[in-house]
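Spelled out, the chains give:
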Amino acid sequence: MELYLIRHGIAQESTKEIKDEKRILTEQGIKRAQKVAQRFKDLDLSFDLIATSPLVRAQQTAEILISTGLSSQLEQCSDLAFNGRIEVWIKKWLIPRNFSPSTRLALVGHEPCLSNWAEILIWGEAKDSLVLKKAGTIGIEIPETGSIVGCGKMFWLTPPRYFI
């Protein structure tokens, strides 16, 4: 299975008036997310499912991916919010779905969660070595059988400037 971890685009700054979970993408964030989505499409990349954090900026980014035709399936996943734990996500979300080995999943979320998740999948622990820029992508091949943690193979680490 291929897992694509995609950080949301550039969003409004947090203020007293704007709660963090309500922050929306800026105009630049929308344009950058659209360019990333178009680049995926140009590369003939599509996803069987796009799962997104419930926070508005992640949902907006996921909707841009959907509107570009990269998937027809969008689902909200609370584990992709800031305090989501990959162990819980694997046990309660991923394993019960029994995806085929050819499945491509996109997860749209936040930092440092996504890079920590990538490190756990690849090395078995978070090392704070990977950094995922806004609208950046990490691609990880997940093994078909056995343990998922510590057995993934990273095949893609792309900053958004690659897409611009």
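All values reported here derive from a predicted model rather than from experimental measurement.

Conventions used here
Residues numbered from 1 in each chain as written. Predicted model: local features only at pLDDT ≥ 70, side-chain atom pairs only at ≥ 80, totals over all residues. Heavy atoms only, no water. Helix = DSSP H or I, 4+ residues; strand = E, 2+ residues; numbered from the N terminus. Buried < 20%, exposed > 50% of the residue type's maximum accessible area, 1.4 Å probe, protein only. Contact = heavy atoms within 4.5 Å. Areas by Shrake-Rupley, 256 points an atom, 1.4 Å probe, with all protein chains shown as cover. UniProt positions renumbered as here; feature names shortened; annotations may be inferred. Polar contact = N/O pair within 3.5 Å; in protein donor to acceptor, adjacent residues only side chain to side chain.

## Regarding the overall build of the chain
In terms of regular secondary structure, the chain is built from four helices and six strands. Its helices and strands taken in sequence order, the chain reads β-α-β-α-β-α-β-α-β-β from the N to the C terminus. In the chain, buried positions account for 48% of the 164 residues. Sequence separation of at least 24 residues holds for 67% of the intrachain contacts in the chain that already meet a minimum separation of 6. Carbon together with sulfur atoms contributes 47% to the accessible area of the chain, which is approximately 8400 Å² in total.

## A few points about the UniProt feature "binding site: substrate" (unreviewed entry) in the chain
UniProt records the feature "binding site: substrate" (unreviewed entry) for Arg-57 in the present numbering. Here Arg-57 shows up in helix H2 (residues 56-67). Residue Arg-57 is classed as buried on the basis of its relative accessible area, which comes to 1%. Beyond its immediate chain neighbours, meaning those up to four positions away, Arg-57 contacts His-8, Ala-11, Asp-20, Glu-21, Arg-23, Leu-25, Phe-82 and His-110. Only 2.6 Å separates the side chain of Arg-57 from the backbone oxygen of Asp-20, close enough to count as a polar contact.

## Some remarks on the environment of Asp-48
Take Asp-48: it is sitting in the loop between helix H1 (27-42) and strand S2 (49-52). Residues Asp-48 and Phe-99 lie 51 residues apart in sequence; the distance between their C-alpha atoms is 9.8 Å. If near-sequence neighbours (up to four positions away) are discounted, Asp-48 is found in contact with Ser-71, Gln-73, Ser-102, Thr-103 and Arg-104. Side-chain polar atoms of Asp-48 contact the backbone nitrogen of Arg-104, separated by 2.7 Å.

## Some details on the environment of Leu-80
Mapped onto the secondary structure, Leu-80 falls in the loop between strand S3 (74-76) and helix H3 (86-97). Judged by relative accessible area, which is 4%, Leu-80 ranks as buried. On a C-alpha basis, the gap between Leu-80 and Lys-16 in space is 24 Å, while along the polypeptide they are 64 residues apart. Dropping the residues within four chain positions of it, Leu-80 is found in contact with Ala-51, Thr-52, Ser-53, Leu-107, Val-108, Gly-109, His-110, Leu-114 and Trp-117.

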